Amino acid sequence: METESALEPFLKWPGGKRWLVSRYSDLFPQKFERYIEPFLGSGAVFFYLNPQNAILADTNRELIATYRAVRDRPDVVSRWLSRYDRRHSKKFYYGVRAEFPRSAFGRAARFIYLNRVCFNGIYRVNLRGEFNVPLGSKERVKFSRGYLVNVAARLRRANFRTSDFESVIAEATKGDFLYVDPPYTVTHNNNGFLKYNDVLFSWEDQRRLATAVAKAARRGAFVFVSNAYHWSVRELYQPLGNSRRLARYSILSADSDGRRSTREAAFFNYSLKKPGK
């Protein structure tokens, strides 16, 4: 890992882990060879740890294409965002939401723009694959000067994949740090706590994931899984050996009264550094 300061993610994402890195960073391994994340989202843990070598993957093609565009030409993406910033309004938002630019950098800027000003940064598409989240209350479109350039420099250390988690996890080997943050699904709720995408992450997927991370652990990878705090999930990931109950504040409710402290779980297969050592 580098000694450079951590960067905030340039995307908001449902289930994002900014709270995890700010409150529970002591749960991450102190040293590792390569960082692997098969459910990328906003990449909060990646940006916090700032590894020299990484594999970053997700099944969301638009998401991975946006990361690649920012990595390759942050200046072009910034220019697009400046145009969006000047024209931002309710009418403009819904116009952008309905279009799809030809340029890869234009599509990336559109993705970022919608993410920054839509309701709660939620990513949701309809059955035709069209983004359909309404406008939120945020109006800040542009980033501070030089920010995306710094983001791009760190993204150039990563290999990006649009892939199912299984093939990515299969690459984790001795000394790698595999951070896994899947959509949360438990046995009594096969649709998951929240469905953010048109592809369902089923309980069978959870079982397949647990098998994949167990194999990675046996190969010598450091494995950390974020998941639901539920008996069925704890039973599934118990073979990793260690677990912690984590507290976080949920902000996904439209009603502020519904935003409350909730529990999640961390499962990992390595020993933690003791305080004072």
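Since this is a predicted model, take the numbers as computed values, not measurements.

Attention shifts here to the nonpolar core. Core analysis: the biggest nonpolar cluster contains 57 residues, and Phe10, Tyr35, Leu81, Tyr113 and Phe224 have the highest contact counts within it. Ranked by residues supplied to this core, first place goes to helix α6 (residues 104-117) with 7 residues. Ignoring anything within four residues of it in the chain, the contact list for tyrosine 113 reads Leu81, Tyr84, His88, Ser89, Phe92, Tyr93, Val96 and Val141. Judged by nonpolar contacts, the second largest core, of 28 residues, contains Phe165, Leu178, Ala210 and Tyr237.

A word on the packing of aromatic side chains. Counting across every chain of the model gives 31 aromatic pairs. One Lys or Arg, arginine 83, reaches over the ring of tryptophan 80 and ends 5.1 Å from the middle of that ring.

This part covers α6. Across its 14 residues, α6 extends 20 Å between first and last C-alpha, which sits within 8% of the 20 Å expected from 1.5 Å per residue. Counting buried residues in α6 gives 11 out of 14 residues, a clear majority hidden from the surface. The complete set of buried residues in α6 reads Gly106, Ala108, Ala109, Arg110, Phe111, Ile112, Tyr113, Leu114, Asn115, Arg116 and Val117. On the buried face of α6, the contacting elements are α3 (61-72), α4 (74-87) and α5 (90-98). The opening residue of α6, the one whose side-chain oxygen lies 3.1 Å from the backbone nitrogen of phenylalanine 105, is serine 103.

The subject of this paragraph is the packing of α3 against α6. Packing of α3 against α6 brings their axes to within 9 Å, and their N-to-C directions diverge by 115 degrees. What the angle tells us is that α3 and α6 run roughly perpendicular. The element α3 and its partner α6 pack so that their crossing is left-handed. Here Glu62, Leu63, Thr66, Ala69, Val70 and Asp72 of α3 lie close against α6, whose contacting residues are Ala104, Phe105, Ala108, Arg110, Phe111 and Ile112. When grouped by side-chain class, the residues that make up the contact of α3 with α6 number 8 nonpolar, 1 polar and 3 charged.

Next up on the list: helix α7 (residues 147-155). Listing the buried residues of α7 in full gives Tyr147, Leu148, Val151, Ala152, Arg154 and Leu155. Seen from one end, α7 has its buried residues packed into an arc of 165 degrees, which puts them on one side. Contact partners of the buried residues in α7: α2 (44-49), α3, α4 and β3 (158-162).

Axis separation between α4 and α6 bottoms out at 9 Å; the angle between their running directions is 50 degrees. If you check the angle between α4 and α6, you find them oblique. Both α4 and α6 take part in a crossing whose hand is right-handed. On the side of α4, the interface is formed by Val76, Val77, Trp80, Leu81 and Tyr84, while α6 contributes Phe105, Gly106, Ala108, Ala109, Arg110, Ile112 and Tyr113. The residue makeup of the contact of α4 with α6, split by class, is 10 nonpolar, 1 polar and 1 charged.

What follows covers unusual backbone geometry. The phi angle of most residues is negative, glycine excepted, and most peptide bonds adopt the trans form. If you check the backbone angles, asparagine 50 has positive phi at about 55 degrees while not being a glycine. For asparagine 50, the location among the structural elements is in the loop between α2 and β2 (54-58). Positive phi is not limited to glycine here, since asparagine 120 has a value of about 55 degrees. Along the polypeptide, asparagine 120 turns up in the loop between α6 and α7.

Right, let's talk about the confidence of the model for the chain for a bit. With 87% of its residues at a pLDDT of 70 or more, the chain has an overall mean of 88. Here residues 190-198 scores under 50 on pLDDT; set against residues more than four positions off or in separate chains, the count is 24 contacts. Taken together, the stretch residues 253-258 has pLDDT below 50 and engages in 5 contacts with residues farther than four places along the chain or on a different chain.

Quick look at the side chain of lysine 17 now. In this fold, lysine 17 is placed in the segment before α1 (18-23). A polar side-chain atom of lysine 17 sits 3.0 Å from a polar atom in the side chain of aspartate 181. The residues touching lysine 17, leaving out its near neighbours within four places in the chain, are Ala44, Val45, Tyr179, Asp181, Tyr184, Ser226 and Glu264.

Rules of the game
- Residues numbered from 1 in each chain as written.
- Predicted model: local features only at pLDDT ≥ 70, side-chain atom pairs only at ≥ 80, totals over all residues.
- Heavy atoms only, no water.
- Core = buried A, V, L, I, M, F, W, Y, C linked by side-chain atoms within 4.5 Å.
- Buried < 20%, exposed > 50% of the residue type's maximum accessible area, 1.4 Å probe, protein only.
- Helix = DSSP H or I, 4+ residues; strand = E, 2+ residues; numbered from the N terminus.
- Contact = heavy atoms within 4.5 Å.
- Phe/Tyr/Trp six-rings, centres within 6.5 Å; stacked < 30°, edge-to-face > 60°.
- Lys NZ or Arg CZ within 6 Å of the ring centre and 35° of its normal.
- Expected span 1.5 Å × (residues − 1).
- Polar contact = N/O pair within 3.5 Å; in protein donor to acceptor, adjacent residues only side chain to side chain.
- Axes fitted to C-alpha atoms, helices over the stretch in contact; angles between N-to-C directions.
- Parallel < 35°, antiparallel > 145°, perpendicular 65-115°, else oblique.
- Left-handed = near helix turned anticlockwise from the far one by under 90°.
- Nonpolar A, V, L, I, M, F, W, Y, C, P; charged D, E, K, R; others polar.
- Arc of directions from axis to C-beta.
- pLDDT = per-residue confidence, 0-100.

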